[in-house]
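Spelled out from the first residue to the last, the chains are:
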Amino acid sequence: MDLGLSGKRALVCAGSKGLGRGCAEALAAAGAEIVLNARGAEALEQTAAELAAAHGVPVTPVAADITTVEGRTKVLEVAAAVDILVNNAGGPPAGVWTEWHHADFLAAIEANMLAPIALMQALVPGMQDRGWGRVVNITSAAVKAPIAQLGLSNTARTGLTGFVAGMARQVAGSGVTVNNLLPGIHATDRMVTLDGPVAKAEGISLEAAAAKRAATIPAGRYGSPADFGAICAFLCSAQAGYIVGQNILVDGGAANQTL
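Cut-offs used in this document
- Residues numbered from 1 in each chain as written.
- Predicted model: local features only at pLDDT ≥ 70, side-chain atom pairs only at ≥ 80, totals over all residues.
- Heavy atoms only, no water.
- Helix = DSSP H or I, 4+ residues; strand = E, 2+ residues; numbered from the N terminus.
- Buried < 20%, exposed > 50% of the residue type's maximum accessible area, 1.4 Å probe, protein only.
- Contact = heavy atoms within 4.5 Å.
- Areas by Shrake-Rupley, 256 points an atom, 1.4 Å probe, with all protein chains shown as cover.
- Lys, Arg positive; Asp, Glu negative; His and termini not counted.
- Charge placed at Lys NZ, Arg CZ, Asp CG, Glu CD.
- Salt bridge = Lys/Arg side-chain N within 4 Å of Asp/Glu carboxyl O.
- Axes fitted to C-alpha atoms, helices over the stretch in contact; angles between N-to-C directions.
- Parallel < 35°, antiparallel > 145°, perpendicular 65-115°, else oblique.
- Left-handed = near helix turned anticlockwise from the far one by under 90°.
- Nonpolar A, V, L, I, M, F, W, Y, C, P; charged D, E, K, R; others polar.
- Phe/Tyr/Trp six-rings, centres within 6.5 Å; stacked < 30°, edge-to-face > 60°.
- Lys NZ or Arg CZ within 6 Å of the ring centre and 35° of its normal.
- Pairing = 2+ DSSP bridges.
- Arc of directions from axis to C-beta.

A. Main features of the overall build of the protein chain. Scanning the protein chain for helices and strands turns up eight helices and seven strands. Taking the principal axes of its C-alpha atoms as reference, the protein chain extends roughly 55 × 40 × 40 Å. The buried share among the 259 residues of the protein chain stands at 44%. In the protein chain, the proportion of contacts linking residues at least 24 apart, taken out of those at least 6 apart, comes to 74%. Of the roughly 11700 Å² of accessible surface on the protein chain, 58% is carried by carbon and sulfur atoms. When the 17 positive and 20 negative side-chain charges of the protein chain are each reduced to one mean point, those points stand 5 Å apart.

Laid out in structure tokens, this is it:
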């Protein structure tokens, strides 16, 4: 299927590895030019070079912390008129609700709620003026089925979800769609940080901990960045113009829900 993305320009945040890279890879394969952001310059430069070589599209790396005002300013100087925005940032650390302090909540909200809102405020008006645009926010399955040890993430990402629910419907008439992708368990560095404590607590290997968790997923496996990227690319496609303000689970069926 031709997704209609050839010649479009996309900003993908936290795109040097994991789910962000999966999204950048799928968009580049569909012909989109990529502005690729991440904090670590070395991994970012390597990923940018690999994507450009594999797909024959321009890929411009911008090393910056997208969760800071300074980082966003640096990125926006390069990505001033993109057609597609993929918001993504690493989640806050796991923990116990009694141990989180005011500063922990503020940091989570800044990174996983206010930063993506700031990027939408900066870039969506231009999309509206041009009559076409796509925004995909990578949030978490936790906004539908909260994960106790990820309470900081539950809080910040649910706040972003509420914002998008109203905002997406205000901009849809100008040809701009805004949707959220809710990843479940995928084979990324994030899952290593979550499986590690389980392995330690149970005295088993990291591989055994991952296998045990995978057995709880109806699909029987962890998702891959490619699985996730394919859904992202479709939401950014010409064919997805009638999908507005939705929260789409990509979790292998792990969330046991009717709606």
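B. Seen up close, unusual backbone geometry. Of note, the phi angle at alanine 14 is positive, near 50 degrees, even though the residue is not glycine. Within the secondary structure, alanine 14 is located in the loop between strand 1 (9-12) and helix 1 (18-29).

C. Representation of the pattern of salt bridges within the structure. All told, the structure shown has six salt bridges when counted by the stated rule. Notably, a salt bridge pairs glutamate 50 with arginine 21, separated by 2.8 Å at the nearest N-O pair. With glutamate 50 in helix 2 (residues 41-55) and arginine 21 in helix 1, the pair connects residues that are 29 residues apart, well separated along the chain. Overall, the relative accessible area of 32% leaves glutamate 50 in the partly exposed class. Among the ionic contacts, a cluster of salt bridges with common partners joins Arg21, Glu25 and Glu50.

D. View of the environment of glycine 159. Here glycine 159 lies in helix 5 (residues 151-171). Spatially, the C-alpha atoms of glycine 159 and alanine 108 are 11 Å apart, while their sequence positions differ by 51 residues.

E. Main features of the packing of helix 1 against helix 8 (residues 225-235). At a minimum axis distance of 7 Å, the contact between helix 1 and helix 8 shows a crossing angle of 55 degrees. Between helix 1 and helix 8, the crossing angle belongs to the class labelled oblique. For the element pair helix 1 and helix 8, the recorded crossing hand is right-handed. Of helix 8, the residues touching helix 1 (which contributes Gly18, Leu19, Gly22, Cys23, Ala26 and Leu27) are Pro225, Phe228, Gly229, Ala230, Cys232 and Ala233. Tallied by class, residues from the contact of helix 1 with helix 8 come to nine nonpolar, three polar and no charged.

F. Expanded view of the packing of aromatic side chains. In total, this model carries one aromatic pair according to the counting rule given. On the basis of an interplanar angle of 85 degrees and a centroid distance of 6.2 Å, the ring pair of tryptophan 100 and phenylalanine 105 is categorised as edge-to-face. Phenylalanine 105 gets classed as partly exposed once you look at its relative accessible area, which sits at 28%. Directly above the ring of tryptophan 132 sits lysine 8, whose terminal nitrogen or CZ lies 4.1 Å from the centroid.

G. Fine view of the environment of methionine 167. Within the secondary structure, methionine 167 sits in helix 5. A relative accessible area of 11% places methionine 167 in the buried class. Setting aside anything within four residues of it in sequence, one finds methionine 167 in contact with Met120, Val124 and Val178.

H. Inspection of the side chain of asparagine 180 at higher detail. Position of asparagine 180 among the secondary structure elements: in strand 6 (residues 176-183). Discounting residues that sit within four places of it in the chain, asparagine 180 has contacts with Asn137, Thr139, Thr161, Val164, Gln246, Asn247 and Ile248.

I. View of the sheet that holds strand 6. The strand order across the open sheet formed by seven strands is 3-2-1-4-5-6-7, and the pairing between neighbours is parallel. Sheet topology places strand 3 (59-63) and strand 7 (247-250) at the edges, where each strand pairs with a single neighbour. Adjacent strand axes in the sheet meet at a mean angle of 15 degrees when their direction is disregarded. Both strand 2 (residues 33-38) and strand 3 contribute to a ladder of five bridges, which runs parallel. Along strand 3, the bridge assignment pairs alanine 38 with alanine 63. The strands touched by helix 2 are strand 2 and strand 3; relative to strand 3, the strand with the most contacts, the crossing angle is about 170 degrees. Those strands touched by helix 4 (residues 102-130) are strand 1, strand 4 (84-87), strand 5 (133-138) and strand 6, and its axis lies near 170 degrees from that of strand 4.

J. Main features of helix 3 (residues 69-78). Residues of helix 3 that are buried include every one of Gly71, Arg72 and Val75, and no others. The buried residues of helix 3 occupy one face: seen down the axis, they fall within an arc of 95 degrees. Along helix 3, exposed side chains directed more than 90 degrees from the buried face belong to Val69, Glu70 and Glu77. On its buried face, helix 3 is in contact with strand 1, strand 2, strand 3 and helix 4.

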